[in-house]
Amino acid sequence: MSSTTAPQYNELDNLLSDEATNRPAAYYKKLRDLDPVYWNERWNGWVVTSYDAVIAGYRDSARLSSDRFAGPFGVELQSSISKYQQLMNFMSRFFVWKDAPFHTQMRLIVNSAFTPKSVEVFRPRVQQLVREITDTLEGRDSVDFMTEFAFTLPVTVITEFLGVPSEASHDVRRWSEDLAAIIFSAGDVENRLQKGEESMKKIVDFMRPIVRDRMKNPREDLISRMVHAEENGIRLSEDDVIANAVLMVFAGHDTTMNLLAGGMIAFADYPDQWQRLRGDLSLIKSATEELLRYDGPVRSLGRWAKEPFEFFGKNIKENDRLLLVQYAANRDPDTYENPDKLDIGRVPNRHIGFGQGVHTCLGAPLARLEVQEALSCLSQRFSKVEVLTEELKYDSTVVARSLQGLNLRLHS
Amino acid sequence: MGGAENSKISIEVSHDLCAGVAMCIQMAPGAFSLDDLGQSVFQPDSERTMKEIQQAADSCPMGAITIVESE
(Lines give C-alpha, C1' and ligand atoms only; values in the text may rest on other atoms or scores of the structure.)
Protein backbone atom coordinates (compact mmCIF):
# COMPACT_ATOMS: atom_id res chain seq x y z
CA MET A 1 0.00 0.00 0.00
CA SER A 2 1.40 3.42 -0.89
CA SER A 3 1.49 6.13 1.75
CA THR A 4 -1.03 8.28 -0.14
CA THR A 5 -3.76 5.64 -0.20
CA ALA A 6 -6.43 5.76 2.48
CA PRO A 7 -6.17 2.70 4.71
CA GLN A 8 -8.22 -0.21 3.41
CA TYR A 9 -9.84 -2.09 6.22
CA ASN A 10 -10.97 -5.65 6.22
CA GLU A 11 -14.80 -5.62 6.33
CA LEU A 12 -14.56 -7.74 9.47
CA ASP A 13 -12.90 -4.78 11.19
CA ASN A 14 -16.15 -2.82 11.26
CA LEU A 15 -17.51 -3.54 14.74
CA LEU A 16 -20.61 -1.48 13.93
CA SER A 17 -21.52 -3.07 10.58
CA ASP A 18 -25.10 -4.14 9.92
CA GLU A 19 -24.10 -7.77 10.45
CA ALA A 20 -22.17 -7.06 13.67
CA THR A 21 -25.12 -5.06 15.00
CA ASN A 22 -28.08 -7.16 13.91
CA ARG A 23 -26.63 -10.68 13.45
CA PRO A 24 -23.84 -10.77 16.05
CA ALA A 25 -23.62 -14.56 16.36
CA ALA A 26 -22.83 -14.91 12.65
CA TYR A 27 -20.36 -12.03 12.75
CA TYR A 28 -18.49 -13.27 15.81
CA LYS A 29 -18.34 -16.81 14.37
CA LYS A 30 -16.39 -15.46 11.40
CA LEU A 31 -13.96 -13.70 13.74
CA ARG A 32 -13.57 -16.73 16.02
CA ASP A 33 -12.97 -19.05 13.04
CA LEU A 34 -10.41 -16.66 11.61
CA ASP A 35 -8.57 -15.95 14.86
CA PRO A 36 -10.01 -16.05 18.39
CA VAL A 37 -7.61 -13.26 19.38
CA TYR A 38 -7.94 -11.09 16.28
CA TRP A 39 -6.10 -7.85 15.63
CA ASN A 40 -8.67 -5.31 14.43
CA GLU A 41 -6.74 -2.66 12.53
CA ARG A 42 -9.62 -0.21 12.41
CA TRP A 43 -10.53 -0.44 16.12
CA ASN A 44 -6.81 -0.59 16.83
CA GLY A 45 -7.07 -3.42 19.33
CA TRP A 46 -7.51 -7.14 19.90
CA VAL A 47 -10.99 -8.66 19.57
CA VAL A 48 -11.25 -11.78 21.72
CA THR A 49 -13.98 -14.29 20.84
CA SER A 50 -13.17 -17.78 22.19
CA TYR A 51 -14.60 -18.94 25.52
CA ASP A 52 -11.22 -19.72 27.11
CA ALA A 53 -9.58 -16.49 26.04
CA VAL A 54 -12.50 -14.25 27.09
CA ILE A 55 -12.57 -15.90 30.53
CA ALA A 56 -8.81 -15.56 30.89
CA GLY A 57 -9.05 -11.89 29.93
CA TYR A 58 -11.79 -11.13 32.44
CA ARG A 59 -9.93 -12.88 35.24
CA ASP A 60 -6.66 -11.05 34.62
CA SER A 61 -7.52 -7.76 36.29
CA ALA A 62 -3.89 -7.52 37.44
CA ARG A 63 -2.69 -6.91 33.89
CA LEU A 64 -5.87 -5.86 32.10
CA SER A 65 -7.28 -2.57 33.34
CA SER A 66 -10.91 -1.43 33.32
CA ASP A 67 -9.95 2.19 33.95
CA ARG A 68 -11.61 4.34 31.28
CA PHE A 69 -9.88 7.50 32.46
CA ALA A 70 -6.35 6.20 31.98
CA GLY A 71 -4.49 4.30 29.28
CA PRO A 72 -5.63 4.28 25.63
CA PHE A 73 -9.36 4.71 26.42
CA GLY A 74 -8.51 7.58 28.75
CA VAL A 75 -6.71 9.53 26.02
CA GLU A 76 -9.82 9.37 23.80
CA LEU A 77 -12.31 9.97 26.56
CA GLN A 78 -10.44 12.87 28.12
CA SER A 79 -10.03 14.60 24.79
CA SER A 80 -13.70 14.14 23.88
CA ILE A 81 -15.45 14.88 27.17
CA SER A 82 -13.05 17.06 29.14
CA LYS A 83 -15.14 20.17 28.43
CA TYR A 84 -18.25 18.48 29.82
CA GLN A 85 -17.77 18.89 33.54
CA GLN A 86 -20.74 16.89 34.83
CA LEU A 87 -19.91 13.93 32.64
CA MET A 88 -16.26 14.06 33.63
CA ASN A 89 -16.91 14.43 37.33
CA PHE A 90 -19.52 11.70 37.67
CA MET A 91 -18.47 9.18 35.05
CA SER A 92 -14.95 9.15 36.44
CA ARG A 93 -16.48 7.85 39.70
CA PHE A 94 -18.35 4.90 38.12
CA PHE A 95 -16.84 1.89 39.88
CA VAL A 96 -17.33 -0.29 36.81
CA TRP A 97 -14.62 1.79 35.13
CA LYS A 98 -12.18 1.63 38.02
CA ASP A 99 -9.44 -0.71 39.13
CA ALA A 100 -8.40 -1.52 42.68
CA PRO A 101 -8.39 0.04 45.20
CA PHE A 102 -11.48 2.23 44.48
CA HIS A 103 -13.31 -0.59 42.73
CA THR A 104 -12.61 -3.05 45.55
CA GLN A 105 -13.72 -0.50 48.16
CA MET A 106 -17.00 0.06 46.35
CA ARG A 107 -17.66 -3.66 45.82
CA LEU A 108 -17.00 -4.33 49.50
CA ILE A 109 -19.68 -1.79 50.40
CA VAL A 110 -22.33 -2.98 47.98
CA ASN A 111 -21.62 -6.72 47.57
CA SER A 112 -23.57 -7.86 50.60
CA ALA A 113 -26.69 -6.02 49.36
CA PHE A 114 -26.64 -8.05 46.16
CA THR A 115 -26.02 -11.61 47.35
CA PRO A 116 -28.62 -14.15 46.21
CA LYS A 117 -29.79 -14.31 49.83
CA SER A 118 -30.13 -10.53 50.16
CA VAL A 119 -32.12 -10.09 46.98
CA GLU A 120 -34.34 -13.07 47.82
CA VAL A 121 -36.33 -10.90 50.25
CA PHE A 122 -37.36 -8.86 47.22
CA ARG A 123 -38.92 -11.86 45.45
CA PRO A 124 -42.51 -11.36 46.70
CA ARG A 125 -42.44 -7.73 45.55
CA VAL A 126 -41.09 -8.77 42.13
CA GLN A 127 -43.81 -11.44 41.86
CA GLN A 128 -46.44 -8.82 42.65
CA LEU A 129 -45.08 -6.39 40.05
CA VAL A 130 -44.87 -9.11 37.41
CA ARG A 131 -48.50 -10.14 38.06
CA GLU A 132 -49.72 -6.54 37.90
CA ILE A 133 -47.93 -5.81 34.63
CA THR A 134 -48.94 -9.14 33.08
CA ASP A 135 -52.61 -8.44 33.90
CA THR A 136 -52.44 -5.41 31.62
CA LEU A 137 -51.12 -7.49 28.70
CA GLU A 138 -53.90 -10.06 28.62
CA GLY A 139 -56.52 -10.24 25.88
CA ARG A 140 -54.78 -7.80 23.54
CA ASP A 141 -53.83 -8.19 19.89
CA SER A 142 -50.57 -6.35 20.28
CA VAL A 143 -48.41 -5.21 23.19
CA ASP A 144 -45.40 -2.93 23.22
CA PHE A 145 -43.44 -5.47 25.24
CA MET A 146 -40.30 -3.36 25.39
CA THR A 147 -41.98 -0.40 27.10
CA GLU A 148 -44.84 -2.03 28.94
CA PHE A 149 -43.02 -4.99 30.46
CA ALA A 150 -39.29 -5.16 29.75
CA PHE A 151 -38.67 -1.54 30.79
CA THR A 152 -41.26 -1.16 33.54
CA LEU A 153 -40.34 -4.20 35.62
CA PRO A 154 -36.57 -3.65 36.01
CA VAL A 155 -36.76 0.13 36.38
CA THR A 156 -39.34 -0.21 39.15
CA VAL A 157 -37.30 -2.90 40.90
CA ILE A 158 -33.98 -1.05 40.78
CA THR A 159 -35.44 2.30 41.82
CA GLU A 160 -37.20 0.68 44.81
CA PHE A 161 -34.04 -1.25 45.67
CA LEU A 162 -31.99 1.95 45.66
CA GLY A 163 -34.66 4.01 47.38
CA VAL A 164 -35.37 6.36 44.47
CA PRO A 165 -39.03 7.36 43.89
CA SER A 166 -40.30 5.18 41.05
CA GLU A 167 -42.61 7.99 39.80
CA ALA A 168 -39.46 9.39 38.25
CA SER A 169 -38.95 6.27 36.13
CA HIS A 170 -39.82 7.87 32.81
CA ASP A 171 -37.47 10.78 33.43
CA VAL A 172 -34.86 8.24 34.42
CA ARG A 173 -35.37 6.41 31.16
CA ARG A 174 -34.87 9.54 29.07
CA TRP A 175 -31.71 10.50 30.94
CA SER A 176 -30.44 6.95 30.75
CA GLU A 177 -30.84 6.79 27.00
CA ASP A 178 -28.67 9.87 26.58
CA LEU A 179 -26.05 8.46 28.94
CA ALA A 180 -26.24 5.08 27.20
CA ALA A 181 -25.18 6.73 23.96
CA ILE A 182 -21.93 7.66 25.66
CA ILE A 183 -21.43 4.63 27.85
CA PHE A 184 -22.01 2.24 24.98
CA SER A 185 -19.81 4.27 22.63
CA ALA A 186 -22.26 4.83 19.81
CA GLY A 187 -21.31 7.02 16.84
CA ASP A 188 -22.27 10.72 16.23
CA VAL A 189 -20.32 11.81 19.25
CA GLU A 190 -20.49 15.60 19.71
CA ASN A 191 -24.27 16.02 19.78
CA ARG A 192 -24.64 13.07 22.13
CA LEU A 193 -22.01 14.37 24.50
CA GLN A 194 -23.89 17.66 24.76
CA LYS A 195 -27.15 15.80 25.50
CA GLY A 196 -25.30 13.48 27.87
CA GLU A 197 -23.95 16.46 29.80
CA GLU A 198 -27.46 17.92 30.20
CA SER A 199 -28.90 14.55 31.20
CA MET A 200 -26.13 13.94 33.71
CA LYS A 201 -26.84 17.32 35.28
CA LYS A 202 -30.56 16.51 35.54
CA ILE A 203 -30.05 13.07 37.01
CA VAL A 204 -27.47 14.38 39.50
CA ASP A 205 -29.81 17.24 40.54
CA PHE A 206 -32.52 14.62 41.05
CA MET A 207 -30.28 12.29 43.09
CA ARG A 208 -28.50 14.80 45.31
CA PRO A 209 -31.43 15.70 47.62
CA ILE A 210 -32.26 11.98 47.99
CA VAL A 211 -28.66 11.21 49.00
CA ARG A 212 -28.62 14.15 51.43
CA ASP A 213 -31.90 13.04 52.96
CA ARG A 214 -30.57 9.49 53.55
CA MET A 215 -27.56 10.99 55.29
CA LYS A 216 -29.89 12.35 57.98
CA ASN A 217 -32.72 9.82 57.74
CA PRO A 218 -31.32 6.41 56.79
CA ARG A 219 -33.77 3.83 55.41
CA GLU A 220 -33.53 0.18 54.43
CA ASP A 221 -32.33 0.99 50.94
CA LEU A 222 -29.11 0.85 48.98
CA ILE A 223 -28.49 4.60 48.88
CA SER A 224 -28.64 4.72 52.70
CA ARG A 225 -26.25 1.83 52.80
CA MET A 226 -23.76 3.54 50.49
CA VAL A 227 -24.04 6.84 52.37
CA HIS A 228 -23.34 5.27 55.76
CA ALA A 229 -20.95 2.47 54.78
CA GLU A 230 -17.42 2.54 56.05
CA GLU A 231 -14.69 0.17 54.88
CA ASN A 232 -11.24 0.34 56.42
CA GLY A 233 -12.07 3.76 57.86
CA ILE A 234 -12.98 5.23 54.47
CA ARG A 235 -16.42 6.52 53.51
CA LEU A 236 -17.75 7.39 50.08
CA SER A 237 -18.10 11.06 49.25
CA GLU A 238 -21.51 12.51 48.36
CA ASP A 239 -20.52 12.66 44.68
CA ASP A 240 -19.29 9.04 44.79
CA VAL A 241 -22.67 7.91 46.11
CA ILE A 242 -24.57 9.98 43.54
CA ALA A 243 -22.42 8.76 40.66
CA ASN A 244 -22.78 5.12 41.60
CA ALA A 245 -26.51 5.43 42.29
CA VAL A 246 -26.81 6.82 38.75
CA LEU A 247 -24.73 3.93 37.45
CA MET A 248 -26.91 1.38 39.24
CA VAL A 249 -30.19 2.86 38.03
CA PHE A 250 -28.81 2.66 34.55
CA ALA A 251 -27.11 -0.74 34.79
CA GLY A 252 -30.07 -2.14 36.71
CA HIS A 253 -32.68 -1.59 34.06
CA ASP A 254 -31.19 -1.26 30.60
CA THR A 255 -29.51 -4.65 30.58
CA THR A 256 -32.41 -6.52 32.21
CA MET A 257 -34.81 -4.85 29.78
CA ASN A 258 -32.86 -6.18 26.82
CA LEU A 259 -32.48 -9.61 28.42
CA LEU A 260 -36.26 -9.90 28.88
CA ALA A 261 -36.96 -8.68 25.35
CA GLY A 262 -34.30 -10.91 23.80
CA GLY A 263 -35.67 -13.82 25.79
CA MET A 264 -39.16 -13.41 24.37
CA ILE A 265 -37.76 -13.26 20.84
CA ALA A 266 -35.84 -16.47 21.53
CA PHE A 267 -39.01 -18.18 22.72
CA ALA A 268 -40.91 -16.95 19.66
CA ASP A 269 -38.20 -18.60 17.55
CA TYR A 270 -38.31 -21.78 19.63
CA PRO A 271 -41.99 -22.46 20.41
CA ASP A 272 -41.07 -26.00 21.53
CA GLN A 273 -38.94 -24.53 24.31
CA TRP A 274 -41.82 -22.27 25.41
CA GLN A 275 -44.09 -25.33 25.61
CA ARG A 276 -41.40 -27.19 27.52
CA LEU A 277 -41.17 -24.38 30.06
CA ARG A 278 -44.96 -24.15 30.39
CA GLY A 279 -45.06 -27.82 31.20
CA ASP A 280 -42.19 -27.85 33.68
CA LEU A 281 -41.51 -24.80 35.83
CA SER A 282 -38.58 -26.58 37.47
CA LEU A 283 -36.72 -25.46 34.33
CA ILE A 284 -37.07 -21.76 35.25
CA LYS A 285 -33.52 -21.39 36.55
CA SER A 286 -31.78 -23.20 33.71
CA ALA A 287 -34.02 -21.36 31.21
CA THR A 288 -32.90 -18.03 32.66
CA GLU A 289 -29.23 -19.04 32.36
CA GLU A 290 -29.79 -20.20 28.80
CA LEU A 291 -31.29 -16.83 27.80
CA LEU A 292 -28.22 -15.14 29.29
CA ARG A 293 -26.02 -17.40 27.20
CA TYR A 294 -28.07 -17.39 24.02
CA ASP A 295 -28.75 -13.67 23.68
CA GLY A 296 -27.36 -11.76 26.64
CA PRO A 297 -27.65 -7.96 26.76
CA VAL A 298 -23.93 -7.21 27.05
CA ARG A 299 -21.95 -8.15 23.96
CA SER A 300 -18.47 -7.19 25.03
CA LEU A 301 -16.40 -5.00 27.34
CA GLY A 302 -13.06 -3.31 26.81
CA ARG A 303 -9.82 -3.66 28.75
CA TRP A 304 -6.30 -2.33 28.22
CA ALA A 305 -2.92 -3.86 29.02
CA LYS A 306 -0.99 -2.29 31.88
CA GLU A 307 2.11 -4.26 30.87
CA PRO A 308 3.24 -6.40 27.93
CA PHE A 309 2.41 -10.13 28.13
CA GLU A 310 1.71 -13.16 26.00
CA PHE A 311 -1.96 -13.98 25.58
CA PHE A 312 -3.07 -17.08 23.64
CA GLY A 313 -0.01 -16.94 21.41
CA LYS A 314 -0.20 -13.18 20.81
CA ASN A 315 2.24 -10.58 22.05
CA ILE A 316 0.13 -7.98 23.81
CA LYS A 317 1.95 -4.68 24.16
CA GLU A 318 1.60 -2.18 26.96
CA ASN A 319 -1.46 0.05 26.33
CA ASP A 320 -2.96 -2.37 23.78
CA ARG A 321 -6.75 -2.50 23.90
CA LEU A 322 -8.65 -5.78 24.17
CA LEU A 323 -12.34 -6.25 23.47
CA LEU A 324 -13.58 -9.26 25.44
CA VAL A 325 -16.65 -10.51 23.56
CA GLN A 326 -18.72 -12.63 25.93
CA TYR A 327 -21.51 -12.87 23.37
CA ALA A 328 -19.07 -14.77 21.13
CA ALA A 329 -17.66 -16.86 23.99
CA ASN A 330 -21.19 -17.95 24.88
CA ARG A 331 -21.60 -19.39 21.36
CA ASP A 332 -18.19 -21.12 21.23
CA PRO A 333 -18.69 -24.64 19.79
CA ASP A 334 -15.61 -25.87 21.70
CA THR A 335 -17.54 -25.20 24.92
CA TYR A 336 -21.18 -25.71 23.94
CA GLU A 337 -22.84 -28.44 21.96
CA ASN A 338 -25.14 -26.88 19.35
CA PRO A 339 -24.24 -23.39 20.57
CA ASP A 340 -26.69 -21.64 18.23
CA LYS A 341 -29.67 -23.60 19.53
CA LEU A 342 -31.80 -22.53 22.50
CA ASP A 343 -31.99 -25.37 25.03
CA ILE A 344 -33.61 -24.31 28.30
CA GLY A 345 -32.46 -27.49 30.02
CA ARG A 346 -28.79 -26.98 29.15
CA VAL A 347 -26.51 -28.32 31.90
CA PRO A 348 -23.76 -27.43 32.59
CA ASN A 349 -24.08 -23.88 31.37
CA ARG A 350 -21.24 -21.77 32.67
CA HIS A 351 -21.97 -18.85 30.41
CA ILE A 352 -20.27 -15.51 30.87
CA GLY A 353 -23.27 -13.30 30.27
CA PHE A 354 -22.43 -11.53 33.55
CA GLY A 355 -18.69 -11.41 32.83
CA GLN A 356 -16.08 -12.99 35.08
CA GLY A 357 -13.57 -12.04 37.75
CA VAL A 358 -13.61 -8.93 39.97
CA HIS A 359 -15.99 -7.01 37.72
CA THR A 360 -18.59 -9.79 37.46
CA CYS A 361 -22.01 -8.12 37.28
CA LEU A 362 -22.96 -6.89 40.74
CA GLY A 363 -26.66 -7.11 39.97
CA ALA A 364 -26.57 -10.67 38.62
CA PRO A 365 -28.67 -12.17 41.45
CA LEU A 366 -31.29 -9.42 41.08
CA ALA A 367 -31.43 -9.80 37.29
CA ARG A 368 -31.81 -13.57 37.64
CA LEU A 369 -34.63 -13.16 40.12
CA GLU A 370 -36.50 -10.75 37.83
CA VAL A 371 -36.18 -12.97 34.76
CA GLN A 372 -37.15 -16.10 36.70
CA GLU A 373 -40.31 -14.45 38.00
CA ALA A 374 -41.13 -12.92 34.62
CA LEU A 375 -40.81 -16.29 32.86
CA SER A 376 -42.79 -18.09 35.56
CA CYS A 377 -45.73 -15.76 35.17
CA LEU A 378 -45.67 -15.18 31.40
CA SER A 379 -45.25 -18.86 30.54
CA GLN A 380 -48.30 -19.81 32.61
CA ARG A 381 -50.51 -17.04 31.22
CA PHE A 382 -49.64 -17.26 27.53
CA SER A 383 -49.57 -20.31 25.28
CA LYS A 384 -47.57 -18.73 22.48
CA VAL A 385 -45.23 -15.79 21.87
CA GLU A 386 -45.46 -14.13 18.47
CA VAL A 387 -43.18 -11.31 17.32
CA LEU A 388 -45.12 -8.62 15.43
CA THR A 389 -42.22 -6.22 14.82
CA GLU A 390 -41.43 -6.73 11.14
CA GLU A 391 -37.71 -6.12 11.31
CA LEU A 392 -35.96 -6.27 14.67
CA LYS A 393 -33.41 -3.47 14.89
CA TYR A 394 -30.62 -3.05 17.39
CA ASP A 395 -28.67 0.06 18.37
CA SER A 396 -25.34 0.25 16.67
CA THR A 397 -22.96 -0.11 19.63
CA VAL A 398 -19.94 -2.24 20.41
CA VAL A 399 -20.89 -3.02 24.01
CA ALA A 400 -24.65 -3.47 24.25
CA ARG A 401 -27.19 -5.72 22.58
CA SER A 402 -29.78 -3.01 22.64
CA LEU A 403 -33.10 -3.60 20.92
CA GLN A 404 -34.96 -0.59 19.51
CA GLY A 405 -38.46 -1.92 19.98
CA LEU A 406 -40.50 -5.09 20.32
CA ASN A 407 -44.19 -5.59 19.67
CA LEU A 408 -45.59 -8.97 20.60
CA ARG A 409 -48.84 -10.84 20.36
CA LEU A 410 -49.18 -12.94 23.47
CA HIS A 411 -51.70 -15.69 22.81
CA SER A 412 -53.84 -16.71 25.77
CA MET B 1 -17.41 -13.62 63.56
CA GLY B 2 -14.24 -14.97 65.09
CA GLY B 3 -10.80 -15.36 63.56
CA ALA B 4 -9.74 -17.97 61.03
CA GLU B 5 -8.15 -19.94 63.84
CA ASN B 6 -11.60 -20.78 65.18
CA SER B 7 -11.85 -24.52 64.52
CA LYS B 8 -15.64 -24.58 64.81
CA ILE B 9 -16.09 -22.73 61.55
CA SER B 10 -15.94 -24.45 58.20
CA ILE B 11 -16.20 -22.99 54.73
CA GLU B 12 -18.20 -24.84 52.11
CA VAL B 13 -18.29 -24.19 48.37
CA SER B 14 -21.28 -25.73 46.63
CA HIS B 15 -20.21 -27.17 43.29
CA ASP B 16 -23.85 -27.32 42.26
CA LEU B 17 -23.90 -23.54 42.42
CA CYS B 18 -20.31 -22.47 41.65
CA ALA B 19 -20.00 -21.11 38.12
CA GLY B 20 -16.28 -20.43 38.29
CA VAL B 21 -16.80 -16.68 38.41
CA ALA B 22 -13.61 -16.34 40.52
CA MET B 23 -14.80 -13.37 42.57
CA CYS B 24 -13.73 -15.22 45.76
CA ILE B 25 -10.17 -15.57 44.51
CA GLN B 26 -9.92 -11.84 44.07
CA MET B 27 -11.56 -10.96 47.38
CA ALA B 28 -9.60 -13.44 49.52
CA PRO B 29 -6.42 -14.32 47.61
CA GLY B 30 -5.05 -17.71 48.60
CA ALA B 31 -8.16 -18.81 50.45
CA PHE B 32 -9.79 -20.15 47.31
CA SER B 33 -8.47 -21.71 44.12
CA LEU B 34 -10.07 -23.07 40.97
CA ASP B 35 -9.94 -26.81 40.29
CA ASP B 36 -9.54 -28.48 36.87
CA LEU B 37 -13.23 -27.90 36.12
CA GLY B 38 -12.90 -24.21 36.94
CA GLN B 39 -14.80 -24.48 40.22
CA SER B 40 -13.76 -22.88 43.46
CA VAL B 41 -12.17 -24.91 46.25
CA PHE B 42 -11.52 -23.56 49.75
CA GLN B 43 -7.89 -23.71 50.92
CA PRO B 44 -8.00 -24.16 54.71
CA ASP B 45 -4.31 -23.39 55.25
CA SER B 46 -4.40 -19.87 53.85
CA GLU B 47 -3.72 -16.89 56.07
CA ARG B 48 -6.89 -15.00 55.23
CA THR B 49 -9.00 -13.54 58.02
CA MET B 50 -12.64 -14.44 58.56
CA LYS B 51 -13.54 -10.92 57.47
CA GLU B 52 -11.90 -11.47 54.09
CA ILE B 53 -13.55 -14.87 53.75
CA GLN B 54 -16.91 -13.33 54.62
CA GLN B 55 -16.28 -10.69 51.94
CA ALA B 56 -15.52 -13.44 49.44
CA ALA B 57 -18.77 -15.20 50.37
CA ASP B 58 -20.70 -11.93 50.04
CA SER B 59 -19.15 -11.24 46.66
CA CYS B 60 -20.17 -14.57 45.13
CA PRO B 61 -22.98 -13.90 42.64
CA MET B 62 -23.99 -17.55 42.84
CA GLY B 63 -24.21 -17.66 46.62
CA ALA B 64 -22.04 -20.76 46.43
CA ILE B 65 -19.90 -20.08 49.52
CA THR B 66 -21.31 -20.70 52.97
CA ILE B 67 -19.65 -20.23 56.30
CA VAL B 68 -20.88 -22.96 58.59
CA GLU B 69 -20.57 -22.63 62.34
CA SER B 70 -20.82 -25.98 64.08
CA GLU B 71 -21.48 -26.66 67.77
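Right above here is the structure, for reference.
Residues numbered from 1 in each chain as written. Chains lettered and ligands numbered in written order. Predicted model: local features only at pLDDT ≥ 70, side-chain atom pairs only at ≥ 80, totals over all residues. Heavy atoms only, no water.

**Q** Would you mind going over the overall build of chain A in detail, with residue names and values included?
**A** Helix and strand content of chain A: 17 helices and 12 strands. For 412 residues, the compact-globule estimate of 2.2 N^0.38 gives 22 Å, and chain A sits close to it at 21 Å. With respect to the principal axes defined by its C-alpha atoms, chain A has extents near 65 × 55 × 40 Å. Burial analysis of chain A (412 residues in total) assigns 57% to the buried set. By sequence separation, contacts in chain A at least 24 residues apart represent 73% of the contacts at least 6 residues apart. Of the accessible surface of chain A, which amounts to about 17200 Å², a share of 49% is contributed by carbon and sulfur atoms. Charge separation in chain A, taken as the distance between the mean sites of 50 positive and 59 negative side-chain charges, equals 2 Å. (Helix = DSSP H or I, 4+ residues; strand = E, 2+ residues; numbered from the N terminus. Rg over C-alpha atoms; globule rule 2.2 N^0.38 Å. Buried < 20%, exposed > 50% of the residue type's maximum accessible area, 1.4 Å probe, protein only. Contact = heavy atoms within 4.5 Å. Areas by Shrake-Rupley, 256 points an atom, 1.4 Å probe, with all protein chains shown as cover. Lys, Arg positive; Asp, Glu negative; His and termini not counted. Charge placed at Lys NZ, Arg CZ, Asp CG, Glu CD.)

**Q** Please set out the pattern of salt bridges residue by residue, giving values where relevant.
**A** Residues and elements named next belong to chain A. Summed over the entire model, instances satisfying the criterion amount to 29 salt bridges over all chains. Residue Asp221 pairs with Arg214 through a salt bridge whose shortest N-O separation is 2.9 Å. Given a relative accessible area of 8%, Asp221 falls into the buried group. Among the residues examined, Arg214 registers a relative accessible area of 4% and is labelled buried. (Salt bridge = Lys/Arg side-chain N within 4 Å of Asp/Glu carboxyl O.)

**Q** Could you give an account of the sheet that holds strand E3 (residues 64-65) of chain A, naming the residues involved and the relevant values?
**A** In sheet architecture, strand pairing relies on hydrogen bonds along the backbone and comes in two forms, parallel and antiparallel. Residues and elements named next belong to chain A. Overall, mixed pairing links the five strands, which are arranged E1-E2-E10-E7-E3 in an open sheet. Pairing within the sheet leaves two strands with one partner each, and these edge strands are strand E1 (37-40) and E3. Of the pairings in the sheet, the one linking strand E7 (residues 301-305) to strand E10 (residues 321-324) comprises four bridges and is antiparallel in character. Considered in E10, the bridge of Trp304 is made with Arg321. In this fold helix H3 (residues 51-59) packs onto E1, strand E2 (45-48), E3, E7 and E10, with an angle of close to 120° to the strand it touches most, E10. Packing of helix H4 (residues 71-81) onto the sheet brings it into contact with E7 and E10, and relative to E7 it is tilted by some 115°. (Pairing = 2+ DSSP bridges. Axes fitted to C-alpha atoms, helices over the stretch in contact; angles between N-to-C directions.)

**Q** Before we move on, can you summarise the packing of helix H13 (residues 238-269) of chain A against helix H15 (residues 284-295) of chain A with the specific residues and values?
**A** Residues and elements named next belong to chain A. Across the interface, H13 lies against H15 with an axial gap of 10 Å and an inter-helix angle of 95°. Classed by the angle they form, the pair H13 and H15 counts as roughly perpendicular. Across from Leu259, Gly262, Gly263, Ala266 and Phe267 in H13, the residues of H15 making contact are Leu291, Leu292, Tyr294 and Asp295. For the contact of H13 with H15, a count of residues per class yields six nonpolar, two polar and one charged. (Parallel < 35°, antiparallel > 145°, perpendicular 65-115°, else oblique. Nonpolar A, V, L, I, M, F, W, Y, C, P; charged D, E, K, R; others polar.)

**Q** An account of the environment of Val37 of chain A is needed here, citing residue identities and associated values.
**A** For Val37 of chain A, the location among the structural elements is in strand E1. Note: C-alpha distance between Val37 of chain A and Val54 of chain A (17 residues apart in sequence) is 9.2 Å.

**Q** Just give me the short version of the packing of aromatic side chains, but keep the residues and values in it.
**A** All names here are of chain A. Summed over the entire model, instances satisfying the criterion amount to 16 aromatic pairs over all chains. Aromatic ring contacts, followed pair by pair, group Tyr27, Tyr28 and Tyr327 into a single cluster. Note that Arg321 overlies the ring of Trp43, its terminal NZ or CZ placed 4.3 Å from the centroid. Between Arg331 and the ring centre of Tyr294, over which it is positioned, the NZ or CZ distance is 4.4 Å. (Phe/Tyr/Trp six-rings, centres within 6.5 Å; stacked < 30°, edge-to-face > 60°. Lys NZ or Arg CZ within 6 Å of the ring centre and 35° of its normal.)

**Q** Give a description of the interface of chain A and chain B that names residues and reports values.
**A** Between chain A and chain B, the residue contacts involve 18 residues of the former and 20 residues of the latter. When the two sides are added together, the surface that chain A and chain B hide from each other amounts to roughly 1500 Å², 54% of it contributed by carbon and sulfur. In this structure, the connection of chain A to chain B is made through zero salt bridges. Our enumeration of links across chain A and chain B arrives at six residue pairs in polar contact (both at pLDDT 80 or more). Breaking the side of chain A that touches chain B down by element, the ones donating at least two residues are helix H6 (102-110) and helix H17 (364-381) of chain A. Sorting elements by how many residues they give to the side of chain A that touches chain B places H17 of chain A first, with three residues. The residue makeup of the side of chain A that touches chain B, split by class, is five nonpolar, eight polar and five charged. (Buried area = accessible area lost by both parts, 1.4 Å probe. Polar contact = N/O pair within 3.5 Å; in protein donor to acceptor, adjacent residues only side chain to side chain.)

**Q** Residue-level account of the sheet that holds strand E12 (residues 407-411) of chain A, with values.
**A** All names here are of chain A. In space, the three strands of this open sheet follow the order E4-E12-E11, with antiparallel pairing throughout. The outermost strands of the open sheet, each flanked by one partner alone, are strand E4 (143-144) and strand E11 (384-387). By the bridge criterion, four bridges tie E11 to E12 in an arrangement that is antiparallel. Looking at E12, one finds that Glu386 is bridged to Arg409.

**Q** Outline the side chain of Lys314 of chain A, listing residues and values.
**A** Residues and elements named next belong to chain A. With respect to the element layout, Lys314 can be found in strand E9 (residues 314-316). For Lys314, the side chain forms a polar contact with the side chain of Asp35, separated by 2.9 Å. Here Lys314 is in contact with Asp35, Val37, Trp46 and Phe309, once residues within four sequence places are set aside.

**Q** I'd love a proper account of H17 of chain A, names of residues and values included.
**A** In a regular helix each residue adds 1.5 Å, so 18 residues correspond to 26 Å; H17 of chain A covers 26 Å between its end C-alpha atoms and thus fits that length. Most of H17 of chain A sits out of view: 15 of its 18 residues are buried. (Expected span 1.5 Å × (residues − 1).)

**Q** Please set out helix H8 (residues 123-137) of chain A residue by residue, giving values where relevant.
**A** Residue and element names in this part refer to chain A. The end-to-end C-alpha separation of H8 is 21 Å, in line with the 21 Å expected for 15 residues at 1.5 Å each. Listed as buried for H8 are Arg123, Val126, Leu129, Val130, Ile133, Thr134 and Leu137. Seen from one end, H8 has its buried residues packed into an arc of 130°, which puts them on one side. Of the surrounding elements, those touching the buried residues of H8 are helix H7 (116-120), E4, helix H9 (145-162), H17 and E12. Looking one or two places after H8, you find Gly139, whose phi comes out positive at around 70°. (Arc of directions from axis to C-beta.)

**Q** Tell me what's going on with unusual backbone geometry, and back it up with residues and numbers.
**A** Outside of glycine, negative phi angles account for most residues, and trans bonds account for most peptide bonds. Residue Pro101 of chain A follows Ala100 of chain A across a cis peptide bond; omega there is 5°. Within the secondary structure, Pro101 of chain A is located in the loop between helix H5 (85-91) and H6. With an omega of -5°, the peptide bond running from Val347 of chain A to Pro348 of chain A counts as cis. One can find Pro348 of chain A in the loop between helix H16 (326-329) and H17. For Asn319 of chain A, which is not glycine, the phi dihedral falls at a positive 75°. Judged by relative accessible area, Asn319 of chain A falls into the partly exposed class, the value being 39%. The phi dihedral of Ala22 of chain B is positive, around 75°, even though this residue is not glycine. With respect to the secondary-structure elements, Ala22 of chain B resides in the loop between strand E1 (9-13) and helix H1 (23-27).

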